[in-house]
Amino acid sequence: MTVWLAACGSAGSGSGGGATNPTAPTISSQPSAQTVTAGQTATFTVSASGTAPLTYQWFLNSAAVGTNSNTLSIMQTPASDNAAQIFVTVSNTAGMVNSNTVTLTVNPVQASTANVLTFHNDVARTGQNLNETILTPAGLNSSNFGKVGFLQTDGLVDAEPLYVSNLTVSGAQHNVVFVVTEHDSAYAFDADTLAQLWKVSVLGANETSSDDRGCGQVTPEIGVTSTPVIDPHAGSHGVMYLVAMSKNSNGNYFHRLHALDITTGAEISGSPTTIQATFPNQGGQTTFDPKQYKERAALLLLKGVIYTTWASHCDAGTYTGWIMGYHQTTLQQSSVLNVIPNGGDGAIWMAGDGPAADSSGNFYFLDANGTFDTTLDAGGNPVNSDYGNAFIKISTANNTLSVADYFTMHNTTSESDADQDLGSGGEILLPDLKDAANNTWHLAVGAGKDSHIYLVNRDLMGKFNTSNDSAIYQEISSNGISGGSFATPAYFNNTVYYGAVGDSLKAFTIANAKLVTPPGSQSAATFGYPGATPSISANGTSSGIVWAVENSGGTGVLHAYDATNLATELYNSSQAANGRDTFSDNKFITPMIAGGKVYVGTPTGVIVFGSL
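Since the structure is predicted, the reported quantities are computational estimates derived from the model, not experimental observations.

Chemist: Would you mind showing me how to read the overall build of the protein here?
Modeler: Helices and strands together make up the secondary structure of the protein, namely 1 helix and 54 strands. A compact globule built from 612 residues would reach a C-alpha radius of gyration of about 25 Å, and the protein, at 28 Å, matches this within 12%. Its C-alpha atoms put the protein at 110 × 55 × 40 Å along the principal axes. Expressed as a percentage of its 612 residues, the buried residues of the protein come to 57%. Considering only residue pairs separated by 6 or more positions, the protein has 61% of its internal contacts joining residues 24 or more positions apart. Accessible area of the protein: about 22,300 Å², with a carbon and sulfur share of 47%. Within the protein, one finds 20 positive and 45 negative side-chain charges whose respective centroids are separated by 1 Å.

Following this line, the structure appears as structure tokens:
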């Protein structure tokens, strides 16, 4: 327990010329009982009057804990102080008076049942936390909800924060928020007290974070851009996997896969590993050039393998569509695939979304503009294995990466040429759905810059047809989203939520195993570039709240909507007076919700919202 005392204070007036009878102290405002959570600060204050100088002596369970201040602050209050009796003695030359005795109540850190271990909550990337019991639509408004703290970091936070509940760190149990930065640092914070538990740098010796490579998409530095993934059962205490970019004084660039013990931040055995790759093509082989790429899409952990997917710096230089797998225990490369080995472009962006995985070990993603071979082989696949601007299904069978299926629109070449590709948006997998004939469908949904929503059958995605898109399961080109998608949708309670550029946040219900248009509800607010990736908090199927961050040219706005009707806004961070809840915005931000709090990345850390 650390006790801090405020600066010495006194009340009342001096004795004045000729006064001979000092006035004894009296207390005009008594201390108030305090209730805090273990680790938080407890503050007690008294107001007194009488002839100066007044002397203050505070007592905790009859033990003196400070002198000469009208305020007592107990920092990082221990659980052992629960039910402590607090009072203060105020004295001067004329006498002494004791305040009322009040009780300090110290509640234990609440055990949380929520874990957020990967981007958008699960490998289907649905964005729903169904274990939120504190936040409810009925109790959410700017009078009782708002900014409760800030997790300060040393750089831009582009990755979604992650969360592990009931984790033992330094011998004590904590609910922990994990944050990574573009300055190549990783942090762990106590979610209840907001205290920093550990911080580590993942830079190599004599290295710095990368410059922005002449591209304004991630600037001024590139370090850890993508959302890590956590396996709480790996290693001795749980492991967080992340990819960091750096450079040395000779101008060489590096990407490394790190595995950090989540209780200390220490690298586990074999970590880090430098990312390198080659892949065969018609010219012999193509080689991964680290300076041309950044890891933008979130990491995927699937059946013991960490999968990385690679994006370019703007559209500069030579780049293609790389996917690499690394064994999570040894960190050794286990598989490599390039989906445009004989062409150009094809970066994997998805606005920070990660590949989404099904229960059979396949994963899915949206590929950006690039070469697509419109001449097909006998199986309907591009003859040169170039899959630019496609919704792609990857098989991991036998620890080998291969394209198992795909869909691309009939005008894919002209879309790529016009920079109207799918790569700007992310995908999610929907739960099994039944149509009116009781058929079960396995579906995925994604959208990009062309403002079409593509709903694909994961068992038969549709491939490529030069004339039309009739082979796709469902394509929504009108009455859907009215801007390009530079974000990831969310799913909750038979509804898909989209936040396109310049568009309202929209809710599309599902009926007969298809999206219903026009949307069933939409927000009054519109979201400028890059739109919004919504996240959902709910208690099972009830108390659903849709959270979305608006990028508004420097100042971000966190919005909360009733999931059953987006026309009902419950809260936004611009409502409170005097800018109480304002924060600086980031370009691509996904809010994370856990334990009654909402975490939003900013250029200098993570703002935390919760009950006031």
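There's plenty left to go through after this.
Chemist: Please explain the sheet that holds strand β53 (residues 597-602) as it appears in this structure.
Modeler: Where strands meet in a sheet, backbone hydrogen bonds hold them as pairs that are either parallel or antiparallel. The 4 strands are arranged β13-β54-β53-β52 in an open sheet whose pairing can be described as antiparallel. In this open sheet, the two edge strands, each paired with only one partner strand, are β13 (145-152) and β52 (592-594). Neighbouring strand axes in the sheet, compared pairwise and without regard to direction, differ in orientation by 25° on average. The sheet contact formed by β13 and strand β54 (residues 605-611) spans 7 bridges and is antiparallel. Across the sheet, residue Gly149 finds its bridge partner in β54, namely Val608.

Chemist: I'm lost on the packing of aromatic side chains in this one. Help?
Modeler: Each aromatic ring pair is summarised here by two numbers: the centre-to-centre distance and the angle between the ring planes. In this structure the tally under the stated criterion is 19 aromatic pairs. With a centroid separation of 4.9 Å and an interplanar angle of 15°, the aromatic rings of Phe59 and Phe87 are classed as stacked. Taken together, the residues span a long stretch of sequence, with Phe59 in strand β6 (residues 55-60) and Phe87 in strand β9 (residues 84-92) at a distance of 28 residues. Each member of the pair, Phe59 as well as Phe87, carries the same accessibility label: buried. Considering the side-chain rings of Phe145 and Tyr571, the 5.0 Å spacing of their centres and the 80° angle between planes classify their relative orientation as edge-to-face. With Phe145 in strand β13 and Tyr571 in strand β50 (residues 565-572), this residue pair connects regions lying 426 residues apart in the sequence.

Chemist: Honestly, the sheet that holds strand β30 (residues 322-327) in this entry has me stumped. Any pointers?
Modeler: The 4 strands lie next to each other as β27-β28-β30-β31, forming an open sheet whose pairing is antiparallel. Each end of this open sheet is capped by a strand with a single partner; those strands are β27 (300-302) and β31 (333-338). Between one strand axis and the next, the sheet turns by 20° as a mean value, whatever way the strands run. Relative to strand β28 (residues 305-309), β27 runs antiparallel, the two sharing 3 bridges. Across the sheet, residue Leu301 finds its bridge partner in β28, namely Ile306.

Chemist: When you look at the state of the cysteines in this model, what are you seeing that I'm missing?
Modeler: Put plainly, a disulfide is one covalent bond tying together the sulfur atoms of two cysteines. Inspection of the entire model under this criterion finds 1 disulfide. Disulfide partner of Cys215: Cys314, at an S-S distance of 2.0 Å. Around the S-S axis, the bridge from Cys215 to Cys314 shows a dihedral of about 90° and counts as right-handed. Taken together, the residues span a long stretch of sequence, with Cys215 in the loop between β18 (207-211) and β19 (221-222) and Cys314 in the loop between β29 (311-312) and β30 at a distance of 99 residues.

Chemist: Honestly, the environment of Lys294 in this entry has me stumped. Any pointers?
Modeler: Tracing the chain through its elements places Lys294 in strand β26 (residues 293-294). Looking at Lys294, the relative accessible area reads 2%, which means it is buried. Lys294 sits 53 residues away from Tyr241 along the chain, and the two C-alpha atoms are 16 Å apart. For Lys294, the residues in contact, after removing those within four places along its chain, are Gln217, Val218, Ile222, His255, Trp310, Ala311, Ser312, His313, Cys314 and Trp349. One polar contact links the side chain of Lys294 to the main-chain carbonyl oxygen of Ser312, over a distance of 2.8 Å.

Chemist: Got a minute to help me understand the pattern of salt bridges in this structure?
Modeler: One side chain can pair with another of opposite charge once the charged atoms of both are near each other. One pass over the full model with this rule turns up 9 salt bridges. With a closest N to O distance of 2.9 Å, Glu207 and Arg256 form a salt bridge. In this pair, Glu207 sits in strand β18 while Arg256 sits in strand β22 (residues 253-261), placing the two residues 49 residues apart along the sequence. Overall, the relative accessible area of 13% leaves Glu207 in the buried class. Between Asp211 and Lys247 there is a salt bridge, with the nearest N and O atoms lying 3.3 Å from each other. In this pair, Asp211 is assigned in strand β18 and Lys247 in strand β21 (residues 239-248), connecting sequence segments 36 residues apart. Classification of Lys247 by relative accessible area gives partly exposed; the value is 23%. Ionic contacts of the salt-bridge type, sharing partners, join the residues Asp419, Asp421 and Lys449 into one network.

Chemist: Please explain the nonpolar core as it appears in this structure.
Modeler: In globular proteins that are soluble, nonpolar side chains generally tend to be buried together. Counting 63 residues, the largest nonpolar core has Tyr241 and Phe363 as the members making the most contacts within it. In this view, Phe363 contacts Leu300, Leu302, Tyr307, Ile323, Pro355, Ala356, Ala357, Ile392, Lys393, Ile394, Thr396 and Leu401; residues no more than four positions away in its chain are not counted. Core analysis: the next-biggest nonpolar cluster, separate from the first, contains 36 residues, Val177, Leu194, Ala244 and Met592 among them.

Analysis parameters
Residues numbered from 1 in each chain as written. Predicted model: local features only at pLDDT ≥ 70, side-chain atom pairs only at ≥ 80, totals over all residues. Heavy atoms only, no water. Helix = DSSP H or I, 4+ residues; strand = E, 2+ residues; numbered from the N terminus. Rg over C-alpha atoms; globule rule 2.2 N^0.38 Å. Buried < 20%, exposed > 50% of the residue type's maximum accessible area, 1.4 Å probe, protein only. Contact = heavy atoms within 4.5 Å. Areas by Shrake-Rupley, 256 points an atom, 1.4 Å probe, with all protein chains shown as cover. Lys, Arg positive; Asp, Glu negative; His and termini not counted. Charge placed at Lys NZ, Arg CZ, Asp CG, Glu CD. Pairing = 2+ DSSP bridges. Axes fitted to C-alpha atoms, helices over the stretch in contact; angles between N-to-C directions. Phe/Tyr/Trp six-rings, centres within 6.5 Å; stacked < 30°, edge-to-face > 60°. Disulfide = S-S within 2.5 Å. Polar contact = N/O pair within 3.5 Å; in protein donor to acceptor, adjacent residues only side chain to side chain. Salt bridge = Lys/Arg side-chain N within 4 Å of Asp/Glu carboxyl O. Core = buried A, V, L, I, M, F, W, Y, C linked by side-chain atoms within 4.5 Å.

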